[in-house]
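A structural walkthrough
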Amino acid sequence: MHLVITSAEDATAHLIFDRVGSEALRLNWECWDQYSLTIASDDFKLADKFGRVVTNETLGNVLWRKPVAVVPKEEGERYFAFHEFKAAIEAVLARVRRESPQKLLVDPQRLSSVDRFYQLSVARAYLPTPEWVLTNYPSKHEWGTRPWVVKSVSSRPIPQAESSHVVLFTTAVDPYRLSDGWPWFIQELIDAPYDLTVVYVDGASFGFLLDRRCFDDLDWRTQIGTEIADHGWVHVELPPELTAAFDLIMRDLDLRFGRIDLLARDAQCQEVVFLEVNANGQWAWLDLDGRYGVVDAVVRFLTG
Amino acid sequence: MEQQLTPIDLAQTPFLARDEEAIRYDPVSQASLDPMRALFTHCHTTATYDSSGRAVDNDGLQSDD
């Protein structure tokens, strides 16, 4: 029995479970009190309310999706209980990590050690990468005349007092205008007409292009929720030498799954620049009806 | 002298955040699949699920019905 850790509202998990049926147990964080969990010295047992059971002996692979329940502190005892439950599940995963790490298809602990800087240093052996620096004293650098952007390393939003949060998207900037005292991730601006994102699933690469000329911002994520960002991605056949480069980058990063973001200077993806790997990035919106095989590939990855 | 910029000067409101409530209660919308979902998702801790693991409303309907 495979285990998928997610949310009851995760539409990507819906797509997966439409295909895996009863081969996997779906643990929805926000429904934590509707599962039976027992952990003893030599075993654990997790069961859902429909009779699916996973134990230490029957556990297959584990897929950790990104959604995480947020239990308000105002819930008091339930807030405490949720975190007890979550810590217990994490202990189960820690045991899997020790005994059968290959079963953890997407390991949250592993992801934190594959940071963006490391990704760029690995990738530049195989693909062009932009120049970059992180500094909290931009005034001390010589920036020359080339264009630059600022990006977020953590992707955390900036809280706002009265409205919802705001986000530091990739934004063109004159580094000489940046205040000292703030950690700035500054990267060479790459002039390219296409965003290329690649869903990498255990050796298979699925490429999708977005024409950046359809919107004004440098960062397509500012457009999420609009027609162009949601439906503008076009499947593209990738050159073999490019997929070979992905294999090498992911091998060196010790990742079997991820969404690789690049910029492409042509629609055939002959000339690309590597940006980053989202090691547990979202992917289902690129192939909602499954015509390109991404969902099936993820299902094979889970059940293989 | 030109203004020296801090992060807030360069930050933007995401398109999705302009209609966050609609996203929260429309789990099969494109938003529930998008790459920034983690920024906007607040799961309902009182939710329940059906045999396929999908969220079910209090009235017994699937939340995407």
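Please refer to the structure placed before this passage.
Let me sum up the structure you'll find in this document. Each residue is numbered by its place in its chain's sequence as written, counting from 1. Following the order in which they are written, the chains are lettered starting with A and the ligands numbered starting with 1. Reporting in this predicted model follows two pLDDT cut-offs: at least 70 for local features of residues, and 80 or more for side-chain atom pairs to be given and counted; totals over whole chains, interfaces and linings ignore these cut-offs and use all residues. Think of the side-chain values as coming from all heavy atoms in the structure, minus any hydrogens and water.

1. What about the packing of helix α4 (residues 116-123) of chain A against helix α6 (residues 240-253) of chain A?
Residue and element names in this part refer to chain A. Relative to each other, α4 and α6 sit at 135°, their axes nearing to 10 Å. Taken together, α4 and α6 sit at an angle that is classed as oblique. When you trace α4 past α6, the crossing you get is right-handed. Together, Tyr118, Gln119, Val122 and Ala123 of α4 and Ile249, Asp252 and Leu253 of α6 make up the contact between the two elements. Among the residues forming the contact of α4 with α6, the class breakdown is five nonpolar, one polar and one charged. Inter-axis angles, ranging from 0 to 180 degrees, are taken between N-to-C directions of lines fitted to C-alpha atoms, where helices are fitted over the stretch in contact. A run of H or I in DSSP counts as a helix once it spans at least four residues, and a run of E counts as a strand once it spans at least two, with each numbered from the N terminus. Angles are sorted into four bins: roughly parallel if under 35 degrees, roughly antiparallel if over 145, roughly perpendicular if 65 to 115, and oblique for all others. Rotating anticlockwise by less than a right angle from the far helix to the near helix defines a left-handed crossing, while the corresponding clockwise rotation defines a right-handed one. In this analysis, two residues are considered to be in contact whenever any of their non-hydrogen atoms come within 4.5 Å of each other. For this scheme, ten residues count as nonpolar: Ala, Val, Leu, Ile, Met, Phe, Trp, Tyr, Cys and Pro. Four count as charged, namely Asp, Glu, Lys and Arg, and the remainder, Gly too, count as polar.

2. Things to note about the sheet that holds strand β8 (residues 148-151) of chain A
Residues and elements named next belong to chain A. In this description, strands pair whenever DSSP reports at least two bridges between them. Spatially, the four strands line up as an open sheet ordered β7-β10-β8-β9, and their pairing is antiparallel. On the outer flanks of this sheet lie β7 (132-135) and β9 (171-173), each paired with one strand and no other. Neighbour-to-neighbour, the strand axes of this sheet turn through a mean angle of 35°, independent of strand direction. When β8 meets strand β10 (residues 184-188), the two strands line up antiparallel, connected through four bridges. Paired with tryptophan 148 across the strands is glutamate 188, a residue of β10. Together, β7, β8 and β10 form the strand contacts of α4, whose direction differs from that of β10 by roughly 25°.

3. Notes on the nonpolar core
Residues and elements named next belong to chain A. Within the largest apolar cluster, 31 residues are counted, with the highest numbers of intra-cluster contacts made by Ile16, Leu63, Val199, Val201, Trp220 and Trp283. The set of elements that each furnish at least two residues to this core consists of α1 (11-20), β11 (194-201), β12 (204-211) and α7 (294-303). The dominant element in this core, judged by the number of residues it contributes, is α7, at seven residues. If near-sequence neighbours (up to four positions away) are discounted, tryptophan 283 is found in contact with Thr12, Ile16, Arg65, Val199, Phe257, Val294, Val295 and Val298. By convention a nonpolar core is built from buried Ala, Val, Leu, Ile, Met, Phe, Trp, Tyr and Cys residues, the set being connected through side-chain atoms within 4.5 Å. Accessible area is worked out with a 1.4 Å probe on protein chains only. A residue is then buried under 20% of its type maximum, exposed over 50%, and partly exposed in between. In this structure, Leu120, Tyr194, Leu209 and Phe246 belong to the second largest nonpolar core, which totals 28 residues.

4. Points about the environment of aspartate 107 of chain A
All names here are of chain A. Here aspartate 107 is to be found in the loop between α2 (77-99) and α3 (108-112). What makes aspartate 107 buried here is its relative accessible area of 13%. A 3.5 Å cut-off defines polar contacts: any pair of N or O atoms within that distance qualifies, except that in protein one atom must be a possible hydrogen donor and the other a possible acceptor, and neighbouring residues in sequence count only when both atoms are side-chain atoms. Among the polar contacts listed, one links the side chain of aspartate 107 to the side chain of arginine 97, at a separation of 2.7 Å.

5. Some words on the side chain of aspartate 219 of chain A
Residue and element names in this part refer to chain A. As for its placement among the helices and strands, aspartate 219 is situated in the loop between β12 and α5 (227-231). Residue classification places aspartate 219 among the buried residues on the basis of a relative accessible area of 5%. Excluding its chain neighbours within four sequence positions, the residues that come into contact with aspartate 219 are Phe169 and Thr170.

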